[in-house]
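Remarks on the overall topology
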Amino acid sequence: MPSPSWSRCSGWINKQSREASLAREKMVKLVFYLLYCCAAIKSCGLSGILFNAMDQIEKFVKDSGLTISAYNVCFYDSNGTDEILDNTLCGKKHANTGLFSLFEAQMQLLPRTGDYTVVLDSDMQPRCITRTTKVEVVPFEDVTADCAAAEGDGTLAAWKKAHRKAFAAACEEIGRNFDESMKCVCEYFDVVYRAVGQ
């Protein structure tokens, strides 16, 4: 059975053996998954929905026919969850960008090329599976027009306006001040499987 993770997880270069690194990564994924479940249950009363969703996600992955040993699970935490997902399904959006500082603050590992992610809609239903094709880490001020277009935000100016506001709010939550020299994690992906009828 493939193992799910509710956070973006990857390894980093160190002196550990590959086996030790993989074992550590599995443990980190499990810890983040349990923490996520506890937070979701406490803050949103999602216990029944969440565990029902996990059964559906596992079936969704199996039905895809893809050979997936591990995967991430995500949903876009915003009022436009389904709109963002629809943009992903129609091909308008094929990238995500997050602040490196937030990955550090939340103890999340970075995405890596080859990662699979099951994307949920606002009803916690799996709608598609994506596979990461490229990951770049660049300062906010150096994010390219190609990245902005891949995120579905149109122009680079529009992308910067929206993300400057979102990143400033996120930095405030972790006690930091946003500035445009901060590193961004730009993840590009392809949709490799979608729900029937999508």
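In short, a report on the structure.

Conventions used here
- Within any chain, residue numbers begin from 1 and follow the written order of that chain's sequence.
- Only residues with pLDDT of 70 or above have their local features reported here, since the model is predicted, and side-chain atom pairs are shown and tallied only from 80 upward, although totals for entire chains, interfaces and linings are computed over all residues.
- Think of the side-chain values as coming from all heavy atoms in the structure, minus any hydrogens and water.
- Any carboxyl oxygen of Asp or Glu within 4 Å of a side-chain nitrogen of Lys or Arg constitutes a salt bridge here.
- Numbered from the N terminus, helices here are DSSP runs of H or I no shorter than four residues, and strands are runs of E no shorter than two.
- Under the scheme applied here, a residue whose accessible area is under 20% of the maximum for its type counts as buried, over 50% as exposed, and between as partly exposed, the area being computed with a 1.4 Å probe on protein chains only.
- For this analysis, a polar contact is any N or O atom pair within 3.5 Å, provided that within protein one partner can donate a hydrogen and the other can accept it, and provided that sequence-adjacent residues contribute only side-chain to side-chain pairs.

Looking at the pattern of salt bridges
In total, this model carries seven salt bridges according to the counting rule given. A salt bridge links Lys-134 to Glu-136; the shortest N-O distance between them is 3.5 Å. Across the pair Glu-180 and Arg-164 runs a salt bridge whose closest N-O atoms are separated by 2.7 Å. Remark: Arg-164 occurs in helix α6 (residues 156-173) and Glu-180 occurs in the loop between α6 and β6 (183-194); sequence separation between them is 16 residues. Under the relative-accessibility criterion, Arg-164 is labelled partly exposed at 33%.

Considerations on the side chain of Asp-115
Along the chain, the position of Asp-115 falls in the loop between α4 (100-105) and β4 (116-120). For Asp-115, a relative accessible area of 9% puts it in the buried group. Of the polar contacts made by the side chain of Asp-115, one reaches the backbone nitrogen of Arg-112; its length is 3.0 Å.

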